[in-house]
Each structure stands twice: as C-alpha cells, then as structure tokens.
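The primary structure of each chain is shown beneath.
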Amino acid sequence: MASAVEAVEALTIVLAVGVARSWPVALRGAAYALLVLAAIVAAFGPVLHLIPIDQLKLVVGVVLTLFGLAWLRKAILRYAGRKALRDEDAAFAREVSALRAAEDAQADRIGLVTSFKAVLIEGLEVAIIVVTFGAASSAALGWSAAGAAAAVLLVVLLGLALKQPASRVPENAMKFVVGIMLTSFGTFWTGEGLGIVWWGADLSRLLLAAFYLAVSAVLIAAARSRREVAA
Amino acid sequence: MKLAAIWEFIAGDSRFAPAFVALAVAVAVVLLRNNVSSTVVAVTFAAVIAAGLACAVFERT
C-alpha cells in the first residue's frame with residue numbers, strides 16, 4: 001500500500017511530462033530513475049544481513065517510526081482541514097503548464113529531469129520501505145519487494161489505462177493507513193531492538209496499530225475543533 | 001544530497017516527532033536498565049511516541 005501511494009505520486013508527474021512534452025522523454029526519465037533505484041536496492045539490500053539483528057531492528061525501527069510519524073502527521077492535518085488535501089489533478093495541471101511554457105529544447109530537458117526526479121524520489125521511499133521491511137530475512141525481502149512491485153505495476157497499469165492523473169485514488173486515506181502501519185511496525189521493532197519483550201509477541205503490532213489509530217482519531221478531532229475556534 | 005535533505009526526507013518537517021522518538025528510546029533504555037517490567041516499558045515507549053505525534057500535529061512549521 002505504501003508503494004502504491006508513492007507510485008500514484010510519481011505516475012502523476014510522469015503522465016504530466018508525457019502529455020505536455022513527449023512520451024519517450026517521460027519514459028526515458030522514468031527508466032533512468034528505475035535503473036538508479038535498482039542499483040541502490042542491489043547495493044544496500046544484501047548488506048543488511050551482515051549487521052547484528054538487534055542493532056538492525058533498532059535502526060530500521062527508528063527510521064520506520066520517523067517515516068510513519070511524518071506520514072501520519074500530514075494525513076491528520078489534511079483530515080483536520082489544516083493542510084490542503086494533496087490534489088493530483090492540481091499537481092498534474094501545474095506540471096503541464098510549466099512544461100508548455102518552456103522552450104522546445106529546454107522543455108525536453110526539463111521533462112526528462114522532472115520525470116527522473118519524480119520516479120527517483122518516490123521510488124526511493126518505496127526502496128526504503130522494501131529494504132527495511134525485508135530486513136528480517138531474504139524471504140521477507142523477497143515478499144516485500146514482490147508486494148511493492150505488484151503495487152507499482154497495478155498503479156502504472158491503471159495510469160496507462162486512464163492516461164489521467166490518479167486523482168480518484170483516496171490518497172490521504174492510504175497515507176493515513178500506511179502512516180499507522182509504519183509507526184506501529186517501527187515502534188515494535190525499535191522496542192525489540194532495545195530489548196523490550198512485547199506482550200503477545202506479534203499480536204502487539206495490532207494493539208499498537210489500534211492504539212495509534214485511536215490517538216490519531218482524537219488528534220483529528222482536536223485539530224478540527226481548534227481550527228473552528230480560530231476561524 | 002545534503003544531510004539536511006536526507007533528514008527531511010525521512011522525518012519530514014517536524015522537530016517534535018524526532019525529538020520524542022529519541023526521548024522514547026532514552027526513557028526505554030533507562031527503564032530497562034532498572035529492571036522495570038517489559039510491559040510497563042512498552043506502554044511508556046508507545047505513549048511517548050504518541051505524545052510526539054500530538055506535539056507534531058500542533059507544531060508550527
């Protein structure tokens with residue numbers, strides 16, 4: 001799901017470049033970025049197994065928790081109306097008009113770089129999630145990578161079928177759920193890395209998710225009411 | 001890529017959330033070294049992180 005959210009964001013930009021400039025430029029930029037990402041995953045994935053598991057869980061857990069909290073915070077602020085909902089239609093229109101305004105030769109270069117950057121940055125987030133979730137074992141890395149690949153493929157196929165920005169995907173809801181999951185997993189792994197023995201073992205991940213969900217619901221309500229008072 | 005950019009990429013633009021994660025880790029280490037039960041440490045740990053989320057939501061960035 002996390003991979004699907006990132007794929008939606010990258011796809012919006014690639015589609016904008018394709019529509020405004022040319023499809024070869026957009027696809028070339030995306031292809032270059034995918035090559036760089038593949039190199040990053042190939043370089044860092046196997047190295048993870050050389051690090052002692054507790055230290056690895058601690059580092060991975062802290063990164064996932066920070067990642068999750070950042071996503072969750074944004075999603076809560078959007079639900080509370082304190083931050084604009086990310087509108088893929090607006091992002092698409094912005095990129096298209098910027099590219100149409102540029103000169104021909106320059107626009108091709110800008111298009112290539114825009115497509116490359118979008119796929120690289122969003123893909124890097126997918127890579128971090130894949131590598132961290134797959135840190136437990138090579139089987140887990142395989143499942144994690146397969147899940148991400150399936151999600152990205154699904155979004156790309158949908159995008160190609162629609163040739164429109166994926167604005168109908170409820171991005172904030174997905175981001176909210178992913179934020180809850182990343183924060184819960186991150187808390188669990190950081191705790192394990194520190195030596196906490198979780199009550200109910202793996203079951204406590206569900207309890208953590210329920211806990212963060214309840215906290216988030218309270219925070220959305222509180223942020224909303226504060227906004228209404230301020231207005 | 002600058003270190004600050006990498007940091008923002010991972011932790012976003014909140015200062016409170018990372019500070020509270022660090023605080024949660026520090027509190028958990030202290031409690032575990034003092035032989036406090038794992039359940040108490042776990043609850044405290046998650047509560048400090050949740051407090052960090054709450055502060056981050058109302059933080060001005």
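Residues numbered from 1 in each chain as written. Chains lettered and ligands numbered in written order. Predicted model: local features only at pLDDT ≥ 70, side-chain atom pairs only at ≥ 80, totals over all residues.

1. Describing the overall build of chain A
Right, so step 1: What chain A contains, in helices and strands, is 8 helices and 0 strands.
Right, so step 2: Starting at the N terminus and walking to the C terminus, you meet the elements of chain A as α-α-α-α-α-α-α-α.
Right, so step 3: In chain A, which comprises 231 residues, the share counted as buried stands at 47%.
Right, so step 4: In chain A, the proportion of contacts linking residues at least 24 apart, taken out of those at least 6 apart, comes to 84%. (Helix = DSSP H or I, 4+ residues; strand = E, 2+ residues; numbered from the N terminus. Buried ≥ 20, exposed ≤ 12 C-beta atoms within 10 Å, placed from the backbone. Contact = placed C-beta atoms within 7 Å.)

2. Details of the overall build of chain B
Right, so step 1: Within chain B, the secondary structure is distributed over 3 helices and 0 strands.
Right, so step 2: Going from the N terminus to the C terminus, chain B shows its helices and strands as α-α-α.
Right, so step 3: Of all 61 residues assigned to chain B, the portion counted as buried reaches 36%.
Right, so step 4: Counting only contacts in chain B whose residues sit at least 6 apart along the sequence, the fraction spanning at least 24 positions is 70%.

3. Some remarks on the environment of Ala56(B)
Residue and element names in this part refer to chain B.
Right, so step 1: Locating alanine 56 in the fold gives a position in helix α3 (residues 38-57).
Right, so step 2: Taking the C-beta count within 10 Å as the criterion, alanine 56 has 27 such neighbours and is therefore assigned buried.
Right, so step 3: Here the alpha-carbon distance between alanine 56 and alanine 17, two residues 39 residues apart in the chain, equals 5.6 Å.

4. Things to note about the nonpolar core
Soluble globular proteins tend to bury their nonpolar side chains together.
Right, so step 1: Grouped together as the largest cluster of nonpolar side chains are 49 residues, with contacts concentrated most on Leu66(A), Ile76(A), Ala17(B) and Leu53(B).
Right, so step 2: Elements supplying a minimum of two residues to this core: α3 (53-79), α7 (171-194) and α8 (203-230) of chain A together with α2 (16-33) and α3 of chain B.
Right, so step 3: With 14 residues, α3(A) is the single largest residue contributor to this core.
Right, so step 4: Every residue in contact with Ile76(A), bar those within four places of it in the chain, is listed here: Ser216(A), Leu219(A), Ile220(A), Ala223(A) and Val57(B).
Right, so step 5: One finds Val17(A), Val25(A), Leu112(A) and Phe116(A) within the second-largest nonpolar core, a separate group that totals 24 residues. (Core = buried A, V, L, I, M, F, W, Y, C linked by C-beta atoms within 7 Å.)

5. Some thoughts on the interface of chain B and chain A
Right, so step 1: Listed per partner, the contact involves 24 residues of chain B and 26 residues of chain A.
Right, so step 2: Within the residue set of the side of chain B that touches chain A, elements represented by two or more residues are α1 (3-11), α2 and α3 of chain B.
Right, so step 3: Residue classes in the side of chain B that touches chain A are distributed as 19 nonpolar, 5 polar and no charged. (Nonpolar A, V, L, I, M, F, W, Y, C, P; charged D, E, K, R; others polar.)

6. Some words on the environment of Ser204(A)
Residues and elements named next belong to chain A.
Right, so step 1: Of note, serine 204 is situated in helix α8.
Right, so step 2: Owing to 21 C-beta atoms within 10 Å, serine 204 belongs among the buried residues under this scheme.
Right, so step 3: Considered as a pair, serine 204 and serine 184 are 20 residues apart in the sequence and their alpha carbons are 9.1 Å apart.
Right, so step 4: Ignoring sequence-local partners within four residues, the contact set of serine 204 consists of Phe188, Trp198 and Trp199.

7. A closer look at the packing of α2(B) against α3(B)
All names here are of chain B.
Right, so step 1: Here α2 crosses α3 at 165°, and the two axes come no closer than 8 Å. Considering their axes alone, α2 and α3 lie roughly antiparallel with respect to each other. As α2 packs across α3, the resulting crossing turns out to be right-handed. Contact residues: α2 offers Phe16, Ala17, Ala19, Phe20, Val21, Leu23, Ala24, Val27, Ala28, Leu31 and Leu32, while α3 offers Val41, Thr44, Phe45, Val48, Ile49, Ala51, Gly52, Leu53, Cys55 and Ala56.
Right, so step 2: In the contact of α2 with α3, the residues fall into 19 nonpolar, 2 polar and no charged. (Axes fitted to C-alpha atoms, helices over the stretch in contact; angles between N-to-C directions. Parallel < 35°, antiparallel > 145°, perpendicular 65-115°, else oblique. Left-handed = near helix turned anticlockwise from the far one by under 90°.)

8. Re the confidence of the model for chain B
Right, so step 1: Scored by pLDDT, chain B has a mean of 89; 97% of the residues are at 70 or more.
Right, so step 2: Among the prediction metrics, the complex's ipTM stands at 0.91, with pTM recorded as 0.66. (pLDDT = per-residue confidence, 0-100.)

9. Things to note about the environment of Ala28(B)
Right, so step 1: Structurally, Ala28(B) is set in helix α2.
Right, so step 2: Sequence separation between Ala28(B) and Phe45(B) is 17 residues; the distance between their C-alpha atoms is 6.1 Å.
Right, so step 3: What Ala28(B) contacts, discounting residues up to four positions off in sequence, is Gly191(A), Leu194(A), Ile196(A), Val41(B) and Phe45(B).

10. What to know about α2(B)
Residue and element names in this part refer to chain B.
Right, so step 1: Its 18 residues place the ends of α2 26 Å apart at the C-alpha level, agreeing with the 26 Å of an ideal helix rising 1.5 Å per residue.
Right, so step 2: Buried within α2 are the following residues: Phe16, Ala17, Pro18, Phe20, Val21, Ala24, Val25 and Ala28.
Right, so step 3: Positive backbone phi, at 55°, marks asparagine 35, one or two positions downstream of α2. (Expected span 1.5 Å × (residues − 1).)

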